[in-house]
Amino acid sequence: MASASDTITTADIPPKALPRERLWYPYLLIAPSMLMLVVVSLVPFLYTIYLSFHAAKFGRVTDFIGFDNYAVLLTDARFWNSIGVAATFVVIAVPIEFMLGLAGALVLNQNVRGRSLLVPLLFMPTMMAPIVVGLLWKIMLAGSWGFFSYNVLERFNLLEGTSVFASPEYALYALIFVDIWQWTPFMMLAFFAGLQALPLGPYRAAAVDGANPVQMFFHITLPMMTPLLAVIGLLRFIDAFKVFDTIYILTGGGPGISTETPSILANKMTFEFWNIGEASALAVLVWLAFFVFCNAFYQIAKKRLNAF
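As the structure is a prediction and not an experimental result, all values here were calculated from the model.

Student: Would you mind going over the overall build of the protein with me for this structure?
Tutor: Check the secondary structure of the protein and you find 13 helices and two strands. Expressed as a percentage of its 308 residues, the buried residues of the protein come to 36%. Considering only contacts in the protein between residues 6 or more positions apart, those separated by 24 or more positions represent 64%. Taken as a whole, the protein presents about 18600 Å² of accessible surface, with 70% of it coming from carbon and sulfur.

Student: Before we go on, may I ask you to explain the pattern of salt bridges in this structure?
Tutor: When the charged atoms of two side chains lie near each other, side chains of opposite charge can form a pair. Taken as a whole and assessed by the stated rule, the structure comprises six salt bridges. The shortest N-O distance in the salt bridge between Arg 236 and Asp 179 comes to 2.7 Å. Within this pair, whereas Arg 236 is found in helix H10 (residues 213-241), its partner Asp 179 is found in helix H8 (residues 171-196), the two being separated by 57 residues in sequence. Among the residues examined, Asp 179 registers a relative accessible area of 3% and is labelled buried. Three or more residues joined by partner-sharing salt bridges are found here, namely Glu 97, Asp 179, Arg 236, Asp 239 and Lys 242.

Student: What is the right way to read the UniProt feature "transmembrane region" (unreviewed entry) in the protein from this model?
Tutor: Per the UniProt record, "transmembrane region" (unreviewed entry) is annotated on residues 24-50, 83-108, 170-195, 216-238 and 279-298. Overall, residues 216-238 shows 100% helix and 0% strand. The separation of its end C-alpha atoms is 31 Å. Across residues 279-298, the secondary structure splits into 100% helix and 0% strand, with the terminal C-alpha atoms separated by 28 Å.

Student: I keep staring at the pairing of strand S1 (residues 54-57) and nothing clicks. Help me out?
Tutor: Across the two faces of S1 the burial differs, with His 54 and Ala 56 buried and Ala 55 and Lys 57 not buried at all. Where S1 folds back onto strand S2 (residues 60-64) in an antiparallel hairpin, the turn is made up of two residues, including Phe 58, whose phi is positive at roughly 55 degrees.

Student: I keep staring at a nonpolar patch on the surface and nothing clicks. Help me out?
Tutor: Judged by side-chain polarity, Leu 23, Trp 24, Tyr 25, Tyr 27, Leu 28, Leu 29, Ile 30, Met 34 and Leu 37 come together as a nonpolar surface patch covering roughly 1000 Å² of accessible area. Counting through the fold element by element, Leu 37 comes out in helix H1 (residues 20-52).

Student: Just checking my understanding: could you explain the packing of helix H3 (residues 77-108) against H8 for this structure?
Tutor: When two helices pack together, their arrangement is given by the angle between the helix axes and by the axis-to-axis distance. The contact between H3 and H8 brings their axes to 7 Å, and the two run at 40 degrees. Accordingly, the angle class assigned to the pair H3 and H8 is oblique. The hand of the H3/H8 crossing is right-handed. Across the contact of H3 with H8, the residue classes tally to 23 nonpolar, four polar and two charged.

Student: Explanation requested: the confidence of the model for the protein in the structure shown.
Tutor: Low-pLDDT stretches of the model should not have their predicted coordinates read in fine detail. Of the residues in the protein, 88% have a pLDDT of 70 or more, and the chain-wide mean is 86. The least confident element of the protein, judged by mean pLDDT, is helix H7 (residues 147-153) at 67; the most confident is H3 at 94.

Student: How should I be thinking about the packing of aromatic side chains in this particular structure?
Tutor: Each aromatic ring pair is characterised by the separation of its centres together with the angle its planes make. Considering all chains together, one arrives at 19 aromatic pairs under this definition. Taken together, a centroid distance of 5.2 Å and an interplanar angle of 70 degrees make the contact between Phe 98 and Phe 191 edge-to-face. Of the two residues, Phe 98 sits in helix H3 while Phe 191 sits in helix H8, which places them 93 residues apart along the sequence. Overall, Phe 191 belongs to the buried group, its relative accessible area being 0%. Taking 5.2 Å as the distance between ring centres and 90 degrees as the angle between the ring planes, the aromatic pair formed by Trp 137 and Phe 177 counts as edge-to-face. Separated by 40 residues along the polypeptide, Trp 137 in helix H6 (residues 130-140) and Phe 177 in helix H8 bring together distant segments of the chain. Owing to a relative accessible area of 6%, Trp 137 belongs among the buried residues under this scheme. For Phe 177, a relative accessible area of 36% puts it in the partly exposed group.

Student: Looking at this model, I keep getting lost on the side chain of Asp 179. Mind explaining?
Tutor: Within the local environment of Asp 179, its side chain forms a polar contact with the side chain of Arg 236, the two groups lying 2.7 Å apart. In this structure Asp 179 touches Phe 89, Ala 93, Glu 97, Thr 184 and Arg 236, once residues within four positions along its chain are discounted.

Conventions and cut-offs
Residues numbered from 1 in each chain as written. Predicted model: local features only at pLDDT ≥ 70, side-chain atom pairs only at ≥ 80, totals over all residues. Heavy atoms only, no water. Helix = DSSP H or I, 4+ residues; strand = E, 2+ residues; numbered from the N terminus. Buried < 20%, exposed > 50% of the residue type's maximum accessible area, 1.4 Å probe, protein only. Contact = heavy atoms within 4.5 Å. Areas by Shrake-Rupley, 256 points an atom, 1.4 Å probe, with all protein chains shown as cover. Salt bridge = Lys/Arg side-chain N within 4 Å of Asp/Glu carboxyl O. UniProt positions renumbered as here; feature names shortened; annotations may be inferred. Pairing = 2+ DSSP bridges. Patch = residues over 30% accessible without salt bridge, like charges linked within 9 Å, V, L, I, M, F, W, Y side chains within 5 Å. Axes fitted to C-alpha atoms, helices over the stretch in contact; angles between N-to-C directions. Parallel < 35°, antiparallel > 145°, perpendicular 65-115°, else oblique. Left-handed = near helix turned anticlockwise from the far one by under 90°. Nonpolar A, V, L, I, M, F, W, Y, C, P; charged D, E, K, R; others polar. pLDDT = per-residue confidence, 0-100. Phe/Tyr/Trp six-rings, centres within 6.5 Å; stacked < 30°, edge-to-face > 60°. Polar contact = N/O pair within 3.5 Å; in protein donor to acceptor, adjacent residues only side chain to side chain.

Here it is as structure tokens:
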């Protein structure tokens, strides 16, 4: 009688011994998805690269100009301002979302009462479309009559007579607040799911050895959660840097250029200034920056954190 170890699987059969249909079957399954990715992602991206090397203005693509669009963009103070705005947005918003999300996940993991009802309620901001979030907070923070403006900002003399989104000093921080409100629940529930998947064995062994909750967190929970923390943090970093919808609805990049991110600037270059060549160069530069950053992050996280 054959044992379980004697069972032959498809993976044990040399490729040449498999029928031709079996060899092509996996590729046929992924072919529709790959075709869709090529049509909606790869082709537009390659065309963007093509446009970035040409004089493309007012809907007309004319001469090949090499790296002129990149040179103009890299010497444009408005471009560097947009990078600074996006960097400030990310550096403030993402760490706060990360810490609040992890703290909330740890609380939810303690079997709090009403958790089954609380979790869907907490996830509501993330389930909202960014356009809806923008409209909601545009009303909440409207000058003088907005609920939040009237009851908090004006009552405590923080800002009077205007909307916070019309203030060059505070508009960006208001956008950061809105982003934290929307995406902290996502971080919280992602980390909560990770906590729920951790094995109980190490915690029981640590409890027998007399470890306290703080020691368990730093020596058991955090090391085992590192892969999830790294992936979620990276995804949120990328998403926060290219945020468009809420900024477009709430400030449109203003007042002036105080909240103008690269996404907003690219939109204005394309649909207001009709400078498609420079807008394409901007998109390619941002992609290259993220490509380098993500590769460096991957190598560091893989070698030092065992995250991948």
